[in-house]
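# Fold and geometry: a report
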Amino acid sequence: MSRRTTARPSPVGQARGRGASPPERPVPPPPSLLTEERDGLVLLHTPGDDTFGAADVADLAGTPGDGAVTVLVSPRATAADGLWGHLGAVLDSLGERGVHAVWLAMSDTGADPPDGPPVARRIADAWRIEVTAPVGDLLAVPGGALFSCGERAGWRRFAPGAEPVELGPRLPVPPWGEALNAVPAAAPGGSLVEHLPAGLLIRAAESEAVRPVSLSLSLPVDPAGPALVVGVPGGDEVPVEDVLAVFGALPDEIAPAVRLVPGGQRDVLAVGQAVADARGHEVVVLSGVPLLRPGRDGAVAAPLGADGLPRWQPFVGAVACHPAPRKSDALPPRPLDLASPFPAREVGEHGDIPLSERWIASVTRAGLWVRTAKGARPLTTLEPIDPEGPAIEVGRPGQKLDASVWPLLGQLLGELPRDVRRRAALLVHGTPRSGETEPRRLATEHGLRSLHFGAKGRRAAVGVARTAPAAAGGGAAAAPGGKAERAAFRAFADGAWRRHRAAVEPVLAGMQALTGEEREAARAELIALRLYLHAADEPFDHATLAGALRSGAGDKALRAYAACVARGLERLPAHQGLVLRAGAAGAALAPGATVADAAPVSGLVAHDEPAPGGDRLALWSVSGRSVAPLLKGGGAEVVFAPRTAFRVLEVRDLDGTTLTLAREEGEGGEGADATDDAVLARLDAAIGRLPGAAPDVAWPARCTGPLAPAVDETETR
């Protein structure tokens, strides 16, 4: 008799091959079990069982190849009487056809039970066939992969008479599968790492663990490289240093192939840029979780809403973050997956869609940007993604929008798919010449999600901050009252915030002691400081900010900006030693005088290279901050916080130029309590080591000009 007479789960190991004896008593008729077979897949299920649909069967068909067959057993079928007899008949049939290997896709059949060998071992030895079976629960993943999840989960391969081989949790085993085993389950910062079919997930320890219903378990496997899903819906932020630890645990040939995926509502572009900068290789960042859609080749990215469900398909599906060059401007991320929402329109190589001779629409990471064709092209890959839907942005702050743009925008909105249009937010950055009637009409007519005017350039109330020594652990705590100032600064900066956020993440990554609200505070303040260091135009440039602070009559938004700049300085390392600045002595800088500039004061660190010549201030720094981490290509600039007091020690005439020697007054730190004579001796020694001046080298604009005495704020309020 053949093995098809074997009955009931408990005696499965009693089957012994083609000469096996029949049971001693009749087996009752089993419930009806159905067998479906397609291209190397055999599905066992009960009538009406739709656990595995047509798409699952199509995905899994033909997966093993090389003479192997997948035997997929529905969970409902595992509880049916007669399963083992039915399975025995299937195995008999496969053996007669010369099948030499089986993937037994049935939960826990590779596990070691307490009372005997695994089910897969018994089948392998009885049928003389290689059996690959899971330990733990089985999941069929879209795209044709099988995944074993749960405690001690993994696939095991049993050959007749041989020890089992551990294969890991994924089947088929991707080229990068074994490398992920080197990643620890816990990162240095406390985040936890879990395996997914598509790769790994890292989450804050307090966040919810992956469950069988989690969408992250349905992400398709990409043989080209693993996904690293960062965070979970509703979970806390994952520190950049923990993400870096995962990359660091991977082999050098695997780490560059990792794709970062947002697992919650937080955009992970800044994380990707920080990793690229720290590791020196490109990092791919997806705009959402990758999902397979019917009728589409490959996966599409979809950001998750608050409920953990996908919302929409961004028009830029992924970007590659470049590592920041050491001595040149950082490169914006490169778009990798451009998907125009307008199939009937011609889209340029960079995602530009001509609307008229005057107007053009650019596909951005966040949605679309309608702008004048002759204007500077926006940095379309730096915009953050709103999980709820695309942002349709119009114009630039301060731009007058003429009436010609609204009919073109209306036509564009009408061509968007209805579900995308209903999720869209209209952001009017410019000022409509004809008022707000037309954009309001378009928003209502097309059923847009929301409408916003003046999203950039808003200003709010603020205050001003005084510097203090940096806190231990890489950054000061959030100052009282600073939350409102940070919110005001963010509204004021808006688009500039997005452009500078990615660049501050590597600096923030080094501040491991900061978590939660303090970390968010540090991020805002570092963005403000970097904006101050790089802005060339109003209202963010140093001249505008200095003028407002020195006059005491600047608007409140600028004072919020100044407060964040000052607190950002507190978070950077202090420089102790000689700092040079261009400027003549003047009446306010006579020996013995004390001056405190209401604005930040910049100077250059004295080093072996010649500094610019002319009249110079030689300042002995105790609390000045080195801003090199935030400068493009580094740099030797030191910035003193607003109202830092300096006392003039001596003014010297050197061949027609003046050298004013001064020290900080009233600051803590090494040398603060030294006598004036001691500090003057240090200044003399440092100046004596300087090379000759370089008259042809220009001073940086922030490092020039006399120190301006601060206006008493009580007289200007």
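Residues numbered from 1 in each chain as written. Predicted model: local features only at pLDDT ≥ 70, side-chain atom pairs only at ≥ 80, totals over all residues. Heavy atoms only, no water.

## As for the overall build of the protein
For the protein, the helix and strand inventory stands at 15 helices and 33 strands. Going through the 717 residues of the protein one by one, you find that 51% of them count as buried. Once local pairs closer than 6 in sequence are excluded, the contacts in the protein between residues at least 24 apart make up 68%. Summed over all atoms, the accessible surface of the protein reaches about 31,000 Å², with 52% contributed by carbon and sulfur. (Helix = DSSP H or I, 4+ residues; strand = E, 2+ residues; numbered from the N terminus. Buried < 20%, exposed > 50% of the residue type's maximum accessible area, 1.4 Å probe, protein only. Contact = heavy atoms within 4.5 Å. Areas by Shrake-Rupley, 256 points an atom, 1.4 Å probe, with all protein chains shown as cover.)

## Thoughts on the packing of aromatic side chains
The tally for this structure, following the rule as stated, stands at seven aromatic pairs. Judged by centre distance (5.0 Å) and plane angle (55°), the rings of phenylalanine 492 and phenylalanine 540 are tilted. With phenylalanine 492 in helix H10 (residues 482-493) and phenylalanine 540 in the loop between helix H12 (516-534) and helix H13 (542-551), this residue pair connects regions lying 48 residues apart in the sequence. Side by side, phenylalanine 492 and phenylalanine 540 carry an identical accessibility label, which is buried. Taken together, the ring pairs in this structure connect Phe489, Phe492, Trp497, Phe540 and Tyr561 into an aromatic cluster. (Phe/Tyr/Trp six-rings, centres within 6.5 Å; stacked < 30°, edge-to-face > 60°.)

## So, the pattern of salt bridges
All chains considered together, the criterion is met by 34 salt bridges. The salt bridge involving glutamate 388 is made with arginine 311; its shortest N-O contact spans 3.2 Å. Of this pair, glutamate 388 sits in the loop between strand E20 (367-372) and strand E21 (391-394) while arginine 311 sits in the loop between strand E15 (299-302) and strand E16 (318-321), placing them 77 residues apart in sequence. Owing to a relative accessible area of 24%, glutamate 388 belongs among the partly exposed residues under this scheme. Here glutamate 525 and arginine 486 are joined by a salt bridge, their closest N and O atoms 3.1 Å apart. Taken together, the residues glutamate 525 in helix H12 and arginine 486 in helix H10 connect sequence positions 39 residues apart. We note that glutamate 525, like arginine 486, is buried. (Salt bridge = Lys/Arg side-chain N within 4 Å of Asp/Glu carboxyl O.)

## Some points on the sheet that holds strand E33 (residues 657-664)
The mixed open sheet is built from eight strands, whose spatial order is E27-E32-E33-E29-E26-E28-E31-E30. What marks the edges here is a single partner per strand, and that holds for strand E27 (594-596) and strand E30 (625-626). Of the pairings in the sheet, the one linking strand E26 (residues 577-582) to strand E29 (residues 616-621) comprises six bridges and is antiparallel in character. Bridge pairing in E29 places arginine 581 opposite leucine 617. (Pairing = 2+ DSSP bridges.)

## Overview of the sheet that holds strand E25 (residues 450-453)
One open sheet accounts for six strands, arranged E18-E19-E20-E21-E23-E25; its pairing is mixed. The outermost strands of the open sheet, each flanked by one partner alone, are strand E18 (352-354) and E25. When the angles between neighbouring strand axes are averaged without regard to direction, this sheet yields 20°. Two elements, E18 and strand E19 (residues 359-363), share three bridges in a ladder whose sense is antiparallel. From the neighbouring strand, aspartate 352 faces E19, where its bridge partner is serine 362. Packing against the sheet, helix H7 (residues 405-415) makes contact with E19, E20, E21 and strand E23 (425-428), and its axis sits at approximately 165° to E21. (Axes fitted to C-alpha atoms, helices over the stretch in contact; angles between N-to-C directions.)

## Quick notes on the environment of glycine 435
Relative to the elements of secondary structure, glycine 435 occurs in the loop between strand E24 (431-432) and helix H9 (437-445). Sequence-wise, glycine 435 and alanine 403 are 32 residues apart; in three dimensions their C-alpha atoms are separated by 9.6 Å.

## A closer look at unusual backbone geometry
Proline 172 follows leucine 171 through a cis peptide bond whose omega is -5°. Here proline 172 is to be found in the loop between strand E8 (170-171) and strand E9 (192-196). Cis geometry is adopted by the peptide bond preceding proline 539, which originates at glutamate 538 and carries an omega value of 0°. By the element assignment, proline 539 lies in the loop between H12 and H13. Even without being a glycine, arginine 643 presents a positive backbone phi close to 70°. By the secondary structure assignment, arginine 643 is in the loop between strand E31 (637-640) and strand E32 (645-654).

## Concerning the pairing of E19
Among the five residues of E19, five are classified as buried, and the element is accordingly described as predominantly covered. Burial along E19 is two-sided: the residues Trp359, Ala361 and Val363 and Ile360 and Ser362 are all buried. Strand direction decides the pairing type here: E19 and E20, joined by five bridges, are antiparallel. Counterpart to serine 362 in the pairing with E20 is tryptophan 369. Linking E19 back to E20 in an antiparallel pair, the connection comprises three residues.

## Things to note about the environment of tryptophan 699
Following the sequence through the fold, tryptophan 699 ends up in the segment after helix H15 (676-688). Judged by its relative accessible area of 15%, tryptophan 699 falls in the buried class. The spacing of tryptophan 699 and arginine 581 is 118 residues in sequence and 8.2 Å in space, taken between C-alpha atoms. The contact partners of tryptophan 699, leaving out residues within four places of it in the chain, are Leu580, Arg581, Ala582, Leu604, Pro612, Gly613, Arg616 and Thr704.

## A short note on the nonpolar core
One finds Ile202, Leu228, Val243, Phe247, Leu260, Val370 and Leu409 to be the most contacted residues of the largest nonpolar core, which totals 62 residues. When residues of this core are assigned to their parent elements, the largest contribution, six residues, is made by H7. One finds Ala524, Leu526, Leu529 and Ala562 within the second-largest nonpolar core, a separate group that totals 38 residues. (Core = buried A, V, L, I, M, F, W, Y, C linked by side-chain atoms within 4.5 Å.)

## Quick word on helix H11 (residues 495-509)
Look at H11: 23 Å from first C-alpha to last across 15 residues, which is about the 21 Å you get at 1.5 Å a residue. Maximal helix bending in H11 amounts to about 40°, located at arginine 501. With eleven of 15 residues buried, H11 lies mostly within the body of the structure. Residues of H11 that are buried include every one of Gly495, Ala496, Trp497, Arg498, His500, Ala502, Val504, Glu505, Val507, Leu508 and Ala509, and no others. Buried-residue contacts for H11 involve helix H5 (240-249), helix H6 (269-279), E21, H10 and H12. (Expected span 1.5 Å × (residues − 1). Bend = angle between axes of the 7 residues up to and from the residue.)

## Some points on the packing of H10 against helix H14 (residues 556-570)
In contact at an axis separation of 8 Å, H10 and H14 are set at 115° when each is read in the N-to-C sense. By the criterion of interaxial angle, the relationship of H10 to H14 is roughly perpendicular. The way H10 lies across H14 gives a crossing that is left-handed. Residues Gly482, Glu485, Arg486, Ala488, Phe489 and Phe492 of H10 form the contact with H14, whose own contacting residues are Ala557, Leu558, Ala560, Tyr561, Ala563, Cys564 and Arg567. Each residue belonging to the contact of H10 with H14 can be placed in one class, and the counts come to nine nonpolar, one polar and three charged. (Parallel < 35°, antiparallel > 145°, perpendicular 65-115°, else oblique. Left-handed = near helix turned anticlockwise from the far one by under 90°. Nonpolar A, V, L, I, M, F, W, Y, C, P; charged D, E, K, R; others polar.)

## What to know about the confidence of the model for the protein
It should be kept in mind that the predicted coordinates are not to be read in detail where pLDDT is low. Looking at the protein, pLDDT values average 81 and 84% of them are 70 or higher. In the predicted structure, residues 1-23 sits below a pLDDT of 50 and forms 43 contacts with residues beyond four places in sequence or in another chain. Long-range and interchain partners of residues 667-672, a stretch whose pLDDT sits below 50, account for twelve contacts in this model, where long-range means more than four residues apart. (pLDDT = per-residue confidence, 0-100.)

## Digging into the packing of H12 against H14
As a packed pair, H12 and H14 sit with axes 7 Å apart at the nearest point and diverge in direction by 105°. One way to sum up the angle between H12 and H14 is to call them roughly perpendicular. Facing Glu525, Leu526, Ala528, Leu529, Leu531 and Tyr532 of H12, the residues of H14 in contact are Tyr561, Cys564, Val565, Arg567, Gly568 and Leu569. Along the lines of polarity and charge, the residues of the contact of H12 with H14 split into nine nonpolar, one polar and two charged.

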